[in-house]
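Close look at the chain arrangement
Below are the chains, spelled out letter by letter.
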Amino acid sequence: QVQLVESGGGLMRPGESLTVSCTAVGSIASFNAMVWYRQAPGQQRELVAGIRDGDRTDYADSVKGRFTISRDNAKNTVYLQMSRLNPEDTAVYYCNVAQYVGGHYYPRLNWGRGIQVAVSS
């Protein structure tokens, strides 16, 4: 059973940068992708970024050019570097392992508690 350990988060000012991380404990060899989602208050959970075979990456339009997803395979860890944060980035951020099929990411595990990121002046 794979467990996801998320870390980082906090209260940020607009324009600041933050990196959150997520380590998968257990074998993730059967998954071909890792993803970050977020859920803002009163909104549905949405895909923020995904990384798949060959380290190809995908981003939501709202974060393109500001967020970078990366991973360290040796550590089973995925990172989300967030720059030029703005209040609209306020959300709980979740990571997951996924299958990337037909142009879509399919998260495969139950969601964890996530990481709270708040952006406010």
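Note: the structure precedes this text.
To start, this report covers the structure provided alongside it.

Rules used throughout
Residues numbered from 1 in each chain as written. Predicted model: local features only at pLDDT ≥ 70, side-chain atom pairs only at ≥ 80, totals over all residues. Heavy atoms only, no water. Salt bridge = Lys/Arg side-chain N within 4 Å of Asp/Glu carboxyl O. Buried < 20%, exposed > 50% of the residue type's maximum accessible area, 1.4 Å probe, protein only. Helix = DSSP H or I, 4+ residues; strand = E, 2+ residues; numbered from the N terminus. Polar contact = N/O pair within 3.5 Å; in protein donor to acceptor, adjacent residues only side chain to side chain. Contact = heavy atoms within 4.5 Å. Pairing = 2+ DSSP bridges. Axes fitted to C-alpha atoms, helices over the stretch in contact; angles between N-to-C directions.

Observations concerning the pattern of salt bridges
Tallied over the entire structure, the rule returns six salt bridges. Arg-52 is the salt-bridge partner of Asp-58, the closest N and O atoms lying 2.7 Å from each other. The exposure class of Asp-58 is partly exposed, given its relative accessible area of 23%. Judged by relative accessible area, Arg-52 falls into the buried class, the value being 14%. One salt-bridge network, held together by shared partners, links Arg-38, Glu-46, Arg-66 and Asp-89.

Some thoughts on the side chain of Ser-21
Following the sequence through the fold, Ser-21 ends up in strand S3 (residues 18-25). Its relative accessible area of 16% is what places Ser-21 among the buried residues. At 2.7 Å, the side chain of Ser-21 and the side chain of Ser-7 are in polar contact. Every residue in contact with Ser-21, bar those within four places of it in the chain, is listed here: Val-5, Glu-6, Ser-7, Trp-36, Thr-77, Val-78, Tyr-79 and Ile-115.

Examining the sheet that holds strand S7 (residues 67-72)
Strand order in this open sheet of four strands is S1-S3-S8-S7, and the pairing throughout is antiparallel. Among the strands making up the open sheet, the edge pair consists of strand S1 (3-7) and S7. On average, each strand axis in the sheet is inclined to that of its neighbour by 15°, with strand direction left out of account. As judged from the six bridges shared by S7 and strand S8 (residues 77-82), these two strands associate in the antiparallel manner. Bridge assignment links Arg-71 to a residue of S8, and that residue is Val-78.

Shape descriptors only; they carry no functional weight alone.
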